[in-house]
Amino acid sequence: MQSFRTELENPLVEKDIIDLERKIRLFQEGKIVEEKFRSLRLARGVYGQRQQGVQMVRIKLPYGKMTFDQWRRIADVSDEYSTGNLHFTTRQDIQIHFVSLDRTPQLWSELEKDKVTMREACGNTVRNVTASVTAGVDKEEPFDVTPYAHATFSYFLRNPICQDMGRKMKFSFSSNDEDTALSYMHDLGFIPKVKNGLRGFKVVVGGGLGAQPRMADLAYEFLPEDQIIPFTEAVLRVFDRNGERNSRNKARMKFLVEKIGFETFMELVEEERLALKSKSYKIDLPSEGPELANKVADQPTDLDEAAFALWKETNVIEQKQEGLFGVYVRVPLGNMSTTVSRELIAALEGYIGNDVRVSINQGLFLRNVPEANLAYVFSVLTAHGYAGLGANSAVNITACPGTDTCNLAISDSTAVTKVFEETLERDFPELLKNHDINIKISGCMNSCGQHGMANIGFHGSSMKSKDKRVMPALQVLLGGGTVGDGVGRAAEKVIKVPSKRGPQVLQMVISDYNTNKEEGERFNAYYDRQGKIYFYDLLKPLGETENLEDSDFVDWGRDEQFKTEIGVGECASVIVDLVGTLLLESEEKIDNAKEALQETKFADAIYHAYSSQVNAAKALLLDKNVKTNTQMKVIADFDEHYQEEFGGLVAEQILQIKKNEPSEEFAKDYLQKAEYFLNKAIKWRKENTLVQA
């Protein structure tokens, strides 16, 4: 691998990219263990695929926003380094696949030329901050949440408090009480409120999907706008210290809240207030509006008026800005080629606003479209096959990539989705206008396709026939969804069926609902009235393993016999740290602390010094084969097991971090003691390693 250079204006970004290149080289030379390297690359958006030897690169788009230049840049990068496909995700990111690890630093460098980042798109850190795609144009919003989502993204990017947590953290900002950003299923969710003329947010904490869904708790009915960053920082500090770090299945914040109780959790958050970098954080609002359309299109001569009218009814909304409209673009399975992307950019640039957003249902939202240009936009989308109706309706199904690329997927979630959508459009055309029923599918129980909060959800699984052969299966879930204003409900598992019977499940459930619902009764109300057992009995014949055909043992979109092949999951995976690697990392963190101190970033210096001490203490505990599962356990156990060697005062020293203001005086003193502790730990290990040898 040759020496790597960048030509970026931002020295911080340049340093980050060069560091990735250096660590790739060290890994390939065998100087960084694989488990630790995985953590390093994940935090830089580089994720191992199901296919060996190639990577998925996740591109982080805060609240899904991209300009035309950024969209064009991402397309160029995909052509040069990937396969010429862009995959829009439920986290409002873009993923590209089959990337060589060696080329990821250069790829990242190319993205940054238009201020697009991969940093912390994966890994045990704060993931992409999502928001309602209509934020800023929503007629019902109290105010535009976009600046607040952006400030949250910026504040925690590269922030030392969240670089090496036990698991990932997900935040969302909804534009109004309808809660279209799904706050209730996030670690932190924000809904805008105005109280006595002042801006603020309703805040919910501790939600999550996965195999064990949990709806978030209410932290504040109203938190003033200048307090959302300090509160978020305090939450992250508590999670960093107290969150599970060994058992991946128990490492999300929802499990910490469940374990210690919400009141205790909030008490710990309050204890962090003294040590916060910012007691109040005013968020600057933009002084200029978005870049609007500057071209007026000619009316298409071959416009199908009936099709255009139906498209406007199902895919277009009127913005709060008079005369402007928002357009939802349905993107099947979230996949769009770079060729089509460039053609759309060339055709739309200037005719709509320079602000395109990726939606949580894997589509696009075009903003600030003048009414005079709507017919032109429709004709452009039609010509490229992206004028599909019902972009936010029941017929537009959300699906993760499943076994196409993901290590954790059990069975297909993409080919079956195409069949589902064809079934719905053929048998239930009225669903094109139905916004009540959401249908979602994931390739496994982890809910990347958000099946855990769907009205009708599916996740990939497997089951055995009576002769013990394994077949692909779908777990059916019903009754989940958004209630509103921070409240949601998790879908209930009802029955497992062979995958090839999935379309029949949809037909039976929706037909039963259409036949037996009461006047005006919404789907979840009908589900509650009938009950889980009713739907189990309804679908039970489809779950039987009698009368199976050979095709039942072949998954959707495949030709070969099905077998379960699950790789090692990487999404925020918990790693096994080795002693030497931990001590080396502790030294890096001391260097980071010194650098932050020189830049008068006292709070950052303190946190780097804290992390150094925790890593060093954990390293020596591993040397004695002492297992710990939280940072607080590391701190407590170190004094117990190294009482004689270190005097039993290490915990008191380390925990000074939350008992002092982040002043220059404390930062210098804390760093000095941290460096002394690290040097003593390194010396002790060298001496004892020699003795053991």
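First things first, this report covers the structure right here in the doc.

Rules used throughout
Residues numbered from 1 in each chain as written. Predicted model: local features only at pLDDT ≥ 70, side-chain atom pairs only at ≥ 80, totals over all residues. Heavy atoms only, no water. Phe/Tyr/Trp six-rings, centres within 6.5 Å; stacked < 30°, edge-to-face > 60°. Helix = DSSP H or I, 4+ residues; strand = E, 2+ residues; numbered from the N terminus. Buried < 20%, exposed > 50% of the residue type's maximum accessible area, 1.4 Å probe, protein only. Lys NZ or Arg CZ within 6 Å of the ring centre and 35° of its normal. Core = buried A, V, L, I, M, F, W, Y, C linked by side-chain atoms within 4.5 Å. Contact = heavy atoms within 4.5 Å. Pairing = 2+ DSSP bridges. Axes fitted to C-alpha atoms, helices over the stretch in contact; angles between N-to-C directions. Salt bridge = Lys/Arg side-chain N within 4 Å of Asp/Glu carboxyl O. Polar contact = N/O pair within 3.5 Å; in protein donor to acceptor, adjacent residues only side chain to side chain. Left-handed = near helix turned anticlockwise from the far one by under 90°. Nonpolar A, V, L, I, M, F, W, Y, C, P; charged D, E, K, R; others polar.

**Some thoughts on the packing of aromatic side chains**
Item 1. Per the stated rule, a full pass over the model turns up 32 aromatic pairs.
Item 2. The interplanar angle of 40° and the centroid separation of 5.5 Å between the aromatic rings of F308 and F378 together place this pair among those described as tilted. You can see F308 sitting in helix α9 (residues 305–315) and its partner F378 sitting in helix α11 (residues 374–383), a full 70 residues away along the chain. Side by side, F308 and F378 carry an identical accessibility label, which is buried.
Item 3. Taking 5.9 Å as the distance between ring centres and 80° as the angle between the ring planes, the aromatic pair formed by Y642 and F646 counts as edge-to-face.
Item 4. Classification of F646 as buried rests on a relative accessible area of 11%.
Item 5. Ring-pair connections join several aromatic residues into one group, and the members of that group are Y513, F523, Y526, Y527, Y534 and F535.
Item 6. Across from the ring centre of Y47, 5.8 Å away, lies the NZ or CZ of R58, which sits over that ring.
Item 7. In this structure, R469 packs its charged tip against the face of F553, placed 3.8 Å from the ring centre.

**Here's the deal with the nonpolar core**
Item 1. If you look at the biggest cluster of nonpolar residues, it comprises 84 residues, and the most contacted ones within it are F173, F231 and F265.
Item 2. With 12 residues, the single largest contributor to this core is helix α17 (residues 602–623).
Item 3. Beyond its immediate stretch of four places on either side in the chain, F231 contacts L188, V203, V205, A219, Y220, L223, M266, V269 and R273.

**Points about α11**
Item 1. Counting buried positions over the 10 residues of α11 gives seven, a clear majority of the element.
Item 2. Three or more residues of α11 are buried, namely L374, A375, Y376, V377, F378, V380 and L381.
Item 3. The inward-facing, buried residues of α11 abut α9, β11 (316–318), β12 (324–329), α10 (338–348) and β15 (364–370).
Item 4. Among the residues trailing α11, G385 stands out with phi positive, at a value near 80°.

**A word on the sheet that holds strand β18 (residues 456–464)**
Item 1. With mixed pairing, five strands are arranged side by side in an open sheet as β16-β17-β18-β19-β22. Lying at the two open borders of the sheet, with one neighbouring strand each, are β16 (398–399) and β22 (492–498).
Item 2. Here two bridges tie β16 to strand β17 (residues 439–442), and the two strands are oriented parallel to one another. Residue T398 lies in a different strand from β17, and its bridge partner there is K440.
Item 3. Sitting on the sheet, helix α12 (residues 415–427) touches β16, β17, β18 and β19 (470–478), and the angle it makes with β17 is about 165°.

**Description of the pattern of salt bridges**
Item 1. Counted by the stated rule, this structure contains 55 salt bridges.
Item 2. Between K113 and E110 there is a salt bridge, with the nearest N and O atoms lying 3.1 Å from each other.
Item 3. Looking at K113, the relative accessible area reads 43%, which means it is partly exposed.
Item 4. A residue is classified by how much of its surface remains accessible, and E110, at 18% relative accessible area, is buried.
Item 5. With its nearest N and O atoms 3.3 Å apart, the salt bridge here joins K658 to E271. Linking K658 in the loop between α20 (650–654) and α21 (664–692) with E271 in helix α8 (residues 262–271), this pair joins segments that are 387 residues apart in sequence.
Item 6. One connected set of salt bridges, linked through shared partners, spans D19, R22, K23, R44 and E588.

**As for the side chain of Q163**
Item 1. Looking at the secondary structure, you find Q163 in the loop between α5 (146–156) and β7 (171–173).
Item 2. A polar side-chain atom of Q163 sits 2.5 Å from a polar atom in the side chain of R119.
Item 3. Here E120 takes part through its side chain, which lies 3.4 Å from a polar atom of the side chain of Q163.
Item 4. Look past the residues within four positions of Q163 in its chain and what remains in contact with it is R119, E120, N124, T125, F156 and R158.

**Quick look at unusual backbone geometry**
Item 1. Even without glycine at this site, L182 takes up a positive phi of about 60°.
Item 2. Turning to its location among the elements, L182 is positioned in the loop between β7 and β8 (188–195).
Item 3. For L182, a relative accessible area of 7% translates into the label buried.
Item 4. One non-glycine residue, N368, lies in positive phi territory at about 55°.
Item 5. Examined against the element boundaries, N368 turns out to sit in strand β15.
Item 6. Owing to a relative accessible area of 3%, N368 belongs among the buried residues under this scheme.

**As for the pairing of β19**
Item 1. Within β19, eight of the nine residues are buried, which leaves it mostly tucked inside the rest of the structure.
Item 2. As defined by bridge partners, β18 adjoins β19 across nine bridges and the pair is classed as antiparallel. From the neighbouring strand, G460 faces β19, where its bridge partner is L474.
Item 3. If you look at the hairpin formed by β18 and β19, you'll find five residues sitting between the two strands, and K468 has a positive phi there, around 75°.

**A look at the sheet that holds β7**
Item 1. An order of β6-β7-β8-β9-β10 is seen for the five strands of this open sheet, with the pairing classed as mixed. Unpaired on one side and paired on the other, β6 (130–131) and β10 (217–224) mark the two borders of the sheet.
Item 2. As judged from the five bridges shared by strand β9 (residues 198–205) and β10, these two strands associate in the antiparallel manner. When the bridges of β10 are listed, F201 appears paired with L223.
Item 3. On top of the sheet, α8 reaches β9 and β10; it is set at about 40° to β10, its chief contact.

**Regarding the pairing of β8**
Item 1. By the criterion of burial, β8 is predominantly enclosed, with six of the eight residues buried.
Item 2. Bridge count between β7 and β8: three bridges; the pairing is parallel. Each bridged residue has a counterpart across the sheet, and for F173 the counterpart in β8 is F190.
Item 3. Where β8 meets β9, eight bridges bridge the pair, whose relative direction is antiparallel. Considered in β9, the bridge of K193 is made with G200.

**What to know about the packing of α12 against helix α13 (residues 502–516)**
Item 1. Axis separation between α12 and α13 bottoms out at 9 Å; the angle between their running directions is 35°. Judged by the twist between their axes, the crossing of α12 over α13 is right-handed. In this structure, α12 uses V419, F420, T423, L424, R426 and D427 to contact α13, whose residues at the interface are G502, P503, L506, Q507 and I510.
Item 2. Among the residues making up the contact of α12 with α13, the classes are represented as six nonpolar, three polar and two charged.

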